[in-house]
Amino acid sequence: MATDETPQPEKKPEQPETEQDQDQSQDQGQSQEQGSGQEQGPAGRRPMPPERPGAAERAEADEATEAQEPDSTGHKTDKGADSSTPDAVAEDGSAARPTSGRERLVASLWPPRLTRAQLIVALLLFILGLGLAIQVRSTSDSSALRGARQEDLVRILDELDNRSQRLTDEQRRLEGQKTELANSSDQAEEARKQTVEKEQQLGVLAGTVAAQGPGINLTIDDPAHSVEADKLLDTIQELRAAGAEAIQVNDVRVVANTSLSDIRGGVGIDGKRVTQPYRFKVIGKPEDLEPALNIPGGVVQTLEKEQAKVSVTREKKIIVDALREAKRPDYARSSSQ
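These numbers were taken from a predicted model, which means no experiment stands behind them.

(A) Structural context of the sheet that holds strand β1 (residues 211–221). The strand order across the open sheet formed by five strands is β3-β2-β7-β1-β8, and the pairing between neighbours is antiparallel. Because the sheet does not close on itself, it has two edges, and the strands there are β3 (252–254) and β8 (309–320). Taken pair by pair, the neighbouring strands of this sheet meet at an average axis angle of 25°, ignoring direction. Across three bridges, the pairing between strand β2 (residues 246–249) and β3 is antiparallel. The residue bridging Ile 247 from the neighbouring strand is Val 254, located in β3. Seen against the sheet, helix α7 (residues 229–241) touches β1, β2, β3 and β7 (278–283) and runs at an angle of roughly 15° to β7.

Structure (structure tokens):
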């Protein structure tokens, strides 16, 4: 009788089998018993039994079985699903999604989620707002004439027009002199006459000759001795800006290089002591001089804040007779020599 020399497959280490594996093993045993009587190979050899599934296949089968286990309610649940999805709601309600509109709004705004584009837009808006704020502040600054009355503004405008008219007249006069010199038959005599006139004009400005003409008298009474040299200097500058051609303070002639300083009991003008009341004799157009002193925030209001009494009167004839000694310059010479 022939012996079965077919080598038996090596058995792997036994592993715990699940119910499904046991069922499969029983089915395989029955099929082998039924087929043993019907199909036999030559010389009575038995066919090789099918190989058992590997460990990896059994693990996958176990995971599939556990995934389909019924829960406590009798329904099958898929354990592989992600329990952290927004649709999952906890039994105690702690992880429930917001239901009201306010809760959804708060959940969408906090915590804030800022992107790079949002930060750039916020920075640009901040720079734009800062520029607008600076522009509004610069345009809203109050000027010196913002609180002035309409009459004062009209007076100031008239002063500017008068200054412009004086400059225009001076230009015409100089052009007329030039034309006379060019057309005169005796140019030497005409030049001499113009030179004398120019000398008189320069003497008035330099304070070497007396002058007379229309103008104003300005008196500053300072019993509290609060008016100092800087206030008198502001007064002189304001008069010059209004068109004053000759100025005398008490018995001192004021010219371009006049200096003022504070001394005990008064003010020093070119080294001479001058005490209050300060009397100004000013030659110029009265219609320009007086309004220039009375503008809002001008000389009169400033002196009155220092508890000084100021009076301004117009005169048709003012005589400025205080003279200064003509000094020959040490270094400057005429360019025509």
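There's plenty left to go through after this.
(B) How the structure looks around unusual backbone geometry. Omega for the peptide link from Gln 276 to Pro 277 comes to 5°, which places this bond in the cis form. Along the chain, Pro 277 falls in the loop between β6 (272–274) and β7. One non-glycine residue, Asp 270, lies in the positive phi region at around 55°. Looking at Asp 270, the relative accessible area reads 25%, which means it is partly exposed. A positive phi is found at Gln 307, a non-glycine position, where the angle reads about 65°. Mapped onto the elements of the fold, Gln 307 is located in the loop between α9 (299–305) and β8. On the basis of relative accessibility, which here comes to 61%, the residue Gln 307 falls in the exposed class.

(C) Representation of the nonpolar core within the structure. By size, the foremost hydrophobic cluster in this structure holds 29 residues, and its most contacted members are Ile 220, Leu 239, Ile 247, Phe 280, Val 282 and Leu 293. For this core, the element with the highest residue contribution is α7, accounting for four residues. When sequence neighbours within four positions are dropped, the list of residues in contact with Ile 247 reads Ile 236, Leu 239, Arg 240, Val 252, Arg 253, Val 254, Phe 280, Lys 281 and Val 282. Counting residues in each nonpolar core, the second largest holds five residues, with Ala 246, Ile 283, Ile 318 and Val 320 among its members.

(D) Just the pairing of β2, in detail. Of the two faces of β2, the one carrying Ala 246 and Gln 248 and the one carrying Ile 247 and Val 249 are both buried. Pairing analysis gives four bridges linking β2 to β7, with the strands arranged antiparallel. Residue pairing across strands places Val 249 opposite Phe 280, the latter belonging to β7. Hairpin connection from β2 to β3: two residues lie between these consecutive antiparallel strands, with Asn 250 at a positive phi of about 55°.

About the criteria used
Residues numbered from 1 in each chain as written. Predicted model: local features only at pLDDT ≥ 70, side-chain atom pairs only at ≥ 80, totals over all residues. Heavy atoms only, no water. Pairing = 2+ DSSP bridges. Helix = DSSP H or I, 4+ residues; strand = E, 2+ residues; numbered from the N terminus. Axes fitted to C-alpha atoms, helices over the stretch in contact; angles between N-to-C directions. Contact = heavy atoms within 4.5 Å. Buried < 20%, exposed > 50% of the residue type's maximum accessible area, 1.4 Å probe, protein only. Core = buried A, V, L, I, M, F, W, Y, C linked by side-chain atoms within 4.5 Å.

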